[in-house]
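Structural description and commentary
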Amino acid sequence: MPYIVGIRFKRCGKIYNFEVDDIDTKQGDLVVVESDFGISIGRVVVGRHFVDSMPMELKKVLRLVNEEDLRAVEENKEIEKEAHNFCIERVKARGLQMKLVAVETTLDRKRIIFYFTADGRIDFRELVKDLAARFKTRIEMRQIGVRDEAKLIGGIGVCGRELCCDTFLSSFEPVSIKMAKKQDISLNVGKISGLCGRLMCCLRYEYEGNMEEISSDDEILIEDDDTVSEKTEIGISSVLSKLEQVDVEEEPVETTAQTELAEVEKGDQSRNKLSGSEQTEYRHKKFRHKRRHFRK
């Protein structure tokens with residue numbers, strides 16, 4: 001009968017079962033395993049335990065991590081950094097509408113995995129050829145969602161703490177706007193959405209309703225360009241209407257100014273008939289009119 005251990009490859013990733021034979025492992029140990037993607041290093045999070053039967057054949061734990069493996073990990077970090085910079089350069093050169101999130105390589109360097117996000121399907125066949133020609137190994141491109149991007153990058157939420165998906169959530173559960181309504185939370189998109197633009201995962205923590213009724217289709221998505229442009233057009237229309245109202249209100253002012261100008265012109269004709277003090281007052285009045293007209 002086999003002994004198995006639970007291994008996690010990322011800090012809060014999924015737990016995978018591996019068969020362990022005569023290797024003495026305990027919780028917290030770093031081990032080298034043969035996964036579906038190649039030779040990788042994982043951490044034991046579920047200690048060695050016995051099972052009666054297994055539904056499927058499991059991969060095996062090869063050995064405990066040694067100094068050579070740790071040196072290989074440090075060297076792989078340099079390769080990942082180089083691959084990240086080169087991939088961004090080729091993406092820009094080929095004009096691909098995609099965002100590179102992270103790069104990961106296996107311990108034996110037989111495979112390099114590129115994680116990216118995009119709005120739709122991307123034809124990256126030529127990009128893969130460029131990467132394979134540069135690094136001489138197998139290239140794998142994985143398109144991920146906005147939640148997975150936040151999980152890989154990490155960050156600080158509106159609560160001031162690190163993101164839940166980057167600290168302890170091992171999987172994403174559906175979150176619905178119904179949860180916010182049930183808890184009497186303000187339905188302001190900016191307040192109930194996380195850094196990924198989706199509803200915050202913590203809305204599930206104090207929700208006491210039926211989880212089976214929750215569907216991911218109810219989630220709030222990031223506003224698309226059409227919605228933003230529509231709002232912009234509405235804003236511009238409101239500004240133009242206000243300007244038109246201002247123009248209508250200013251018409252009587254312009255009429256008054258024209259009337260004063262006509263009076264001044266008539267006064268020019270009779271200026272010579274005025275006395276000295278009256279001519280001085282007339283000049284002051286004409287000067288005030290010109291200054292008002294200049295300000296406008």
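Please refer to the structure placed before this passage.
Rules used in this analysis
Residues numbered from 1 in each chain as written. Predicted model: local features only at pLDDT ≥ 70, side-chain atom pairs only at ≥ 80, totals over all residues. Heavy atoms only, no water. 1 Å grid on protein atoms, 1.4 Å probe; cavity = no way out; pocket = protein on both sides within 12 Å on 5 of 7 lines; lining within 4 Å. Points joined across faces, edges and corners; volume = space filled by probe spheres on them. Helix = DSSP H or I, 4+ residues; strand = E, 2+ residues; numbered from the N terminus. Nonpolar A, V, L, I, M, F, W, Y, C, P; charged D, E, K, R; others polar. Pairing = 2+ DSSP bridges. Axes fitted to C-alpha atoms, helices over the stretch in contact; angles between N-to-C directions.

**Brief notes about the layout of surface pockets**
Volume-wise, the largest pocket comes out at about 1700 Å³. Elements with a contribution of two residues or more to the lining of the largest pocket: β2 (15–20), β3 (30–35), β4 (38–50), α1 (67–94), β6 (99–105), β7 (111–117) and α3 (146–153). For the lining of the largest pocket, the leading source of residues is β4, giving 6 residues. Of the residues in the lining of the largest pocket, the class split is 20 nonpolar, 10 polar and 15 charged. Estimated volume of the second largest pocket: approximately 460 Å³. In this structure, the second largest pocket is lined by 23 residues; those nearest its centre are Gly157, Leu163, Cys164, Met200 and Cys202. Of all the secondary-structure elements, those providing two or more residues to the lining of the second largest pocket are α3 and α4 (164–167). The dominant element in the lining of the second largest pocket, judged by the number of residues it contributes, is α4, at 3 residues. The class makeup of the residues in the lining of the second largest pocket is 14 nonpolar, 5 polar and 4 charged.

**Digging into the sheet that holds β3**
The 5 strands lie next to each other as β2-β1-β4-β3-β5, forming an open sheet whose pairing is antiparallel. Edge positions in the sheet fall to β2 and β5 (61–64), since each has one partner strand and no second. The sheet shows a mean angle of 45 degrees between the axes of neighbouring strands, direction not considered. Relative to β5, β3 runs antiparallel, the two being bridged by 3 bridges. Across the sheet, the residue bridging to valine 31 is leucine 64, located in β5.

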